[in-house]
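Overview (structure and organization)
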Amino acid sequence: MAKLIYSAIASLDGYVEDDQGRFEWAAPDQEVHAFVNDLERPIGVYLYGRRMYETMVFWETVDTGSDEPAVIRDFAQIWRAADKIVYSRTLQAVSSARTRIERDLDVEAVRRLKETSESDITIGGAELGGQAIAAGLVDELHLLLGPIIVGGGKPALPRNVHAQLQLIGERRFQSGVVHLHYRMRT
Ligand SMILES: NC(=O)c1ccc[n+]([C@@H]2O[C@H](COP(=O)([O-])OP(=O)(O)OC[C@H]3O[C@@H](n4cnc5c(N)ncnc54)[C@H](OP(=O)(O)O)[C@@H]3O)[C@@H](O)[C@H]2O)c1
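Because the structure is a prediction, the values reported are computed rather than measured. (Residues numbered from 1 in each chain as written. Predicted model: local features only at pLDDT ≥ 70, side-chain atom pairs only at ≥ 80, totals over all residues. Heavy atoms only, no water.)

1. Considerations on the pattern of salt bridges
- Within the structure shown, the criterion is met by 14 salt bridges.
- In this structure, Glu17 and Arg51 form a salt bridge, with 3.5 Å as the shortest nitrogen-oxygen distance. One end of the pair, Glu17, is in strand E2 (residues 15-18); the other, Arg51, is in helix H2 (residues 50-56), and 34 residues separate them in sequence.
- Looking at Arg51, the relative accessible area reads 42%, which means it is partly exposed.
- The closest approach of N and O atoms between Glu108 and Arg111, which form a salt bridge, is 2.8 Å. Of this pair, Glu108 and Arg111 both sit in helix H5 (residues 107-116), separated by three residues, roughly a single helical turn.
- Owing to a relative accessible area of 32%, Arg111 belongs among the partly exposed residues under this scheme. (Salt bridge = Lys/Arg side-chain N within 4 Å of Asp/Glu carboxyl O. Helix = DSSP H or I, 4+ residues; strand = E, 2+ residues; numbered from the N terminus. Buried < 20%, exposed > 50% of the residue type's maximum accessible area, 1.4 Å probe, protein only.)

2. Focus on the site of the ligand
- Taken together, 23 residues lie near the ligand, and Glu17, Arg51, Ser88, Thr90 and Lys154 sit nearest.
- A distance of 2.7 Å separates a nitrogen atom of the ligand from a polar atom in the backbone of Ile9.
- In this structure, Val16 approaches the ligand through a main-chain N or O atom, which is 2.9 Å from a nitrogen atom.
- Considering the ligand on its own, with 930 Å² of exposed area, one finds that the protein chains cover 90% of that surface.
- One can see that the ligand is located within the largest pocket.
- When contributions to the shell around the ligand are tallied by element, the ones reaching two or more residues are E2, H2 and helix H6 (126-134).
- Class assignment for the residues of the shell around the ligand results in nine nonpolar, six polar and eight charged. (Near = heavy atom within 4 Å. Polar contact = N/O pair within 3.5 Å; in protein donor to acceptor, adjacent residues only side chain to side chain. Areas by Shrake-Rupley, 256 points an atom, 1.4 Å probe, with all protein chains shown as cover. 1 Å grid on protein atoms, 1.4 Å probe; cavity = no way out; pocket = protein on both sides within 12 Å on 5 of 7 lines; lining within 4 Å. Sits in = over half its atoms within 2 Å of the grid points. Nonpolar A, V, L, I, M, F, W, Y, C, P; charged D, E, K, R; others polar.)

3. Observations concerning the packing of aromatic side chains
- Under the counting rule described, the total for this entry stands at six aromatic pairs.
- Arranged with centres 5.1 Å apart and planes meeting at 70°, the rings of Phe35 and Phe173 form a pair that is edge-to-face. Of the two residues, Phe35 sits in helix H1 (residues 30-40) while Phe173 sits in the loop between strand E9 (165-172) and strand E10 (178-184), which places them 138 residues apart along the sequence. Residues Phe35 and Phe173 agree in their burial class; the two are buried.
- Among the aromatic residues, those joined into a ring-pair cluster are Tyr46, Tyr48, Tyr53 and Trp79.
- Across from the ring centre of Trp79, 3.9 Å away, lies the NZ or CZ of Lys84, which sits over that ring. (Phe/Tyr/Trp six-rings, centres within 6.5 Å; stacked < 30°, edge-to-face > 60°. Lys NZ or Arg CZ within 6 Å of the ring centre and 35° of its normal.)

Fair warning: the whole summary comes from geometry, so function is off the table for now.
And the structure:
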């Protein structure tokens, strides 16, 4: 059975965007980007909230010429090769290939997708991912915490959820980013 994985790049105090709606402070450097590329490489399907899709669809059209950094070209290829499902009650059309819209996060449909998918599945952003965590759909978490406190904004993890986790991996990067890899305890 495929795993459903929630990944987020967040501040040390746990926010994916600050209270101004900004998240440029979370942008990965080349070392972290290469690591993220390797996390995403085996993923077959991305489940996106509409807001995260609107950020990520940039990868559909980004320049992949030889002048661009290798991590950028690599991630663009990884992104374009995966299927995407965008959850939205407002979005009328998508602007990337291999992409469809769902109007509700149907827990049973995601369970069936996990049973039938040949490769693992990721989910993001924080709002959609939080619903999946609360519904018990998420199997693993990858948190990349940067050396910054932003004081408020959009939390990477859902409120009002109580869950036990098992730490199954960690890594420290030159920039001070720390990667924490957790398995949800059932
Ligand atoms: N830290 C980082 O590295 C990083 C990277 C990229 C982006 N970001 C930030 O993170 C944000 C994305 O996270 P987010 O938590 O704001 O949003 P999100 O989960 O990506 O998207 C929220 C939207 O998804 C749709 N949705 C959510 N639950 C749904 C459901 N059950 N059924 C149908 N549709 C559903 C709704 O879209 P509709 O309103 O269309 O119905 C909702 O407004 C970005 O906007 C950006 O600011 C941070």
